[in-house]
Amino acid sequence: MTIESLPTFTKPARQRWESIPADIRQRLLSNVWCGQCRHETTITNFSGTIKGGDFLLVGKCAECRSDVARVIEGS
């Protein structure tokens with residue numbers, strides 16, 4: 001199972017996510033800040049939505065399971 005397995009996205013978020021090249025998507029998922037661990041981590045069990053024109057990934061830290069999020073600014 002890969003890191004991108006079975007995420008839940010809204011339809012607009014799915015379209016935005018699929019427009020990002022696969023190698024960039026992988027980099028975005030593995031470069032998320034965890035406030036609990038206080039360092040870069042990988043986001044797991046994530047979902048995606050569009051908020052205010054920006055793409056928002058919300059999920060869990062791969063190490064400590066704390067909530068983490070990643071914002072990808074709109075174009």
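Since the structure is predicted, the reported quantities are computational estimates derived from the model, not experimental observations.

1. Details of the overall build of the protein
So, step 1. Scanning the protein from terminus to terminus reveals 2 helices and 6 strands.
So, step 2. Sequence-ordered secondary structure for the protein, helices as α and strands as β, is β-α-α-β-β-β-β-β.
So, step 3. Radius of gyration (C-alpha) of the protein: 12 Å, near the 11 Å computed for a compact globule of 75 residues.
So, step 4. Of all 75 residues assigned to the protein, the portion counted as buried reaches 31%.
So, step 5. Pairs at least 24 residues apart make up 39% of the contacts formed inside the protein by residues separated by at least 6 positions.
So, step 6. If you sum the accessible surface of the protein, you get close to 4,800 Å²; carbon and sulfur atoms cover 49% of it.
So, step 7. For the protein, the centre of its 10 positive side-chain charges and the centre of its 8 negative side-chain charges are spaced 4 Å apart.

2. Considering unusual backbone geometry
So, step 1. The phi dihedral of Arg 38 is positive, around 65°, even though this residue is not glycine.
So, step 2. The topology assignment puts Arg 38 in the loop between strand 2 (32–34) and strand 3 (39–41).
So, step 3. In this model, Asn 45 sits at a positive phi of 45°, which is unusual for a non-glycine residue.
So, step 4. Relative to the assigned elements, Asn 45 resides in strand 4 (residues 43–51).
So, step 5. Residue Asn 45 is classed as exposed on the basis of its relative accessible area, which comes to 60%.

3. A word on the pairing of strand 4
So, step 1. Direction of pairing for strand 1 (residues 8–9) relative to strand 4: parallel, over a ladder of 2 bridges. Bridge pairing in strand 4 links Thr 8 to Ser 47.
So, step 2. Relative to strand 5 (residues 54–61), strand 4 runs antiparallel, the two sharing 7 bridges. In the sheet register, Ser 47 faces strand 5, and the bridge partner there is Val 58.

Procedures and definitions
- Residues numbered from 1 in each chain as written.
- Predicted model: local features only at pLDDT ≥ 70, side-chain atom pairs only at ≥ 80, totals over all residues.
- Heavy atoms only, no water.
- Helix = DSSP H or I, 4+ residues; strand = E, 2+ residues; numbered from the N terminus.
- Rg over C-alpha atoms; globule rule 2.2 N^0.38 Å.
- Buried < 20%, exposed > 50% of the residue type's maximum accessible area, 1.4 Å probe, protein only.
- Contact = heavy atoms within 4.5 Å.
- Areas by Shrake-Rupley, 256 points an atom, 1.4 Å probe, with all protein chains shown as cover.
- Lys, Arg positive; Asp, Glu negative; His and termini not counted.
- Charge placed at Lys NZ, Arg CZ, Asp CG, Glu CD.
- Pairing = 2+ DSSP bridges.

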